[in-house]
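# Structural characterization, general
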Amino acid sequence: MSTSVNIAGVELKNPVMTASGTFGSGAEYSEFVDLSKLGAVVTKGVANVPWPGNPTPRVAEVYGGMLNAIGLQNPGIDVFVNRDIPFLKQYDTKIVVNVCGRSTKDYCEVVERLADEPVDLLEINISCPNVKEGGIAFGQNPKSVEDITKEIKRVAKQPVIMKLSPNVTDITETARAAEAGGADALSLINTLTGMKIDINRRKFVLANKTGGMSGPAVKPVAVRMVYQTAQAVKLPIIGMGGIMNAEDALEFILAGATAVSVGTANFIDPMTTLKVAEGIEAYMRAQNVSDIRELVGAVQ
């Protein structure tokens, strides 16, 4: 029985990855999870310089999930290269670095720094606000998506995954734009923009007013977007959004995802990724599926 999948020429032992920003850079979870049992570890967003993130409070629980406005706080590429990559290299798993930036130049600086580092894939977070365009996210304008993908591909040595924002009218437009720009794979969805108000204090719960909504409530939206995208482009897709168990992960795979990322569930149960991987294997045995690739996009 084979659970291995291929993303842009990189072979993963199974389709289960971590979703960026929910797993640190692996060390934070290594006491609970044998990282060698995961298909890949996707790191928290890495920028060209340290980012302090947004003011607090920046996390709020909501019905069916959570809101976060962390603001991509990270120590920057220097610390990441010196501390986090050597740590992850101890494990038999693939390393996917999530890259963030405020301008195309920022992204390209990080991508160039990673060119000679032993990492396997780059996941480009284009839900970052583009300072040059007045704060609209790179990922909300198809032309911006194509342009930034092209620029990153020019300097990247590793395959490039573009992480798409769901906060658009038509996800297939941005997916096609990323494909046209030369993306090697796509990951979706990032968080949905949400808000929570404290009625007693008559104030926003998050200092940032809005935050990214994640968790089980977003899963039906995410599955729909993965299905639509799989119909629209020829690229491998990493599906995510509200995966709590193997059944959820299998929905994404049947909708057309080659691999899946587990995010918010890690905060509830740090062992979720391993349980998802084991649950997928149990399902394959029960259904007499010899190769997981038989399931990818099986629902038309």
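In the block above lies the structure referred to throughout.
These lines cover the structure that appears in this document, whether it is placed above or below. Only a predicted model underlies this, so the values are computations on that prediction, with no experimental measurement involved.

### A word on the overall build of the protein
Looking only at helices and strands, the protein has 8 helices and 16 strands in total. Relative to its length of 300 residues, the protein is compact, with a C-alpha radius of gyration of 18 Å against a globular reference of 19 Å. A principal-axis box enclosing the C-alpha atoms of the protein has dimensions of 55 × 50 × 40 Å. Buried residues in the protein amount to 54% of all 300 residues. The contacts of the protein with a sequence gap of at least 6 include a subset with a gap of at least 24, amounting to 69%. Of the roughly 12,900 Å² of accessible surface on the protein, a fraction of 51% belongs to carbon and sulfur atoms. Within the protein, one finds 29 positive and 32 negative side-chain charges whose respective centroids are separated by 6 Å.

### Quick notes on the sheet that holds strand β5 (residues 59-62)
Sheet strands pair via backbone hydrogen bonds, and the direction of the pair is either parallel or antiparallel. If you trace the 4 strands from one edge of the open sheet to the other, you get β5-β6-β14-β11, paired in antiparallel fashion. The open sheet has two edge strands with one neighbour each: β5 and β11 (192-195). Strand-to-strand twist of the sheet, defined as the mean angle between neighbouring strand axes without regard to direction, takes the value 40°. Bridge count for strand β6 (residues 65-68) against strand β14 (residues 210-214) is 3 bridges, and the pairing is antiparallel. The residue of β14 that forms the bridge with L67 is M213.

### Considerations on helix α1 (residues 77-88)
By the burial criterion, the buried members of α1 are I77, F80, V81, D84, I85, F87 and L88. Against the buried residues of α1 lie β4 (40-42), β7 (94-99) and α2 (104-114).

### Remarks on helix α5 (residues 219-232)
The end-to-end C-alpha separation of α5 is 20 Å, in line with the 20 Å expected for 14 residues at 1.5 Å each. For α5, the full list of buried residues reads K219, A222, V223, M225, V226, T229 and A232.

### Quick notes on the packing of helix α6 (residues 246-255) against helix α8 (residues 272-286)
It is the contact of α6 with α8, at a shortest axis distance of 8 Å, that shows an interaxial angle of 65°. Judged on the interaxial angle alone, α8 and α6 are roughly perpendicular. Judged by the twist between their axes, the crossing of α6 over α8 is right-handed. Mapping the contact onto sequence places A246, A249, L250, I253 and L254 in α6 and V276, G279, I280 and Y283 in α8. Looking at the contact of α6 with α8, its residues break down into 8 nonpolar, 1 polar and no charged.

Procedures and definitions
- Residues numbered from 1 in each chain as written.
- Predicted model: local features only at pLDDT ≥ 70, side-chain atom pairs only at ≥ 80, totals over all residues.
- Heavy atoms only, no water.
- Helix = DSSP H or I, 4+ residues; strand = E, 2+ residues; numbered from the N terminus.
- Rg over C-alpha atoms; globule rule 2.2 N^0.38 Å.
- Buried < 20%, exposed > 50% of the residue type's maximum accessible area, 1.4 Å probe, protein only.
- Contact = heavy atoms within 4.5 Å.
- Areas by Shrake-Rupley, 256 points an atom, 1.4 Å probe, with all protein chains shown as cover.
- Lys, Arg positive; Asp, Glu negative; His and termini not counted.
- Charge placed at Lys NZ, Arg CZ, Asp CG, Glu CD.
- Pairing = 2+ DSSP bridges.
- Axes fitted to C-alpha atoms, helices over the stretch in contact; angles between N-to-C directions.
- Expected span 1.5 Å × (residues − 1).
- Parallel < 35°, antiparallel > 145°, perpendicular 65-115°, else oblique.
- Left-handed = near helix turned anticlockwise from the far one by under 90°.
- Nonpolar A, V, L, I, M, F, W, Y, C, P; charged D, E, K, R; others polar.

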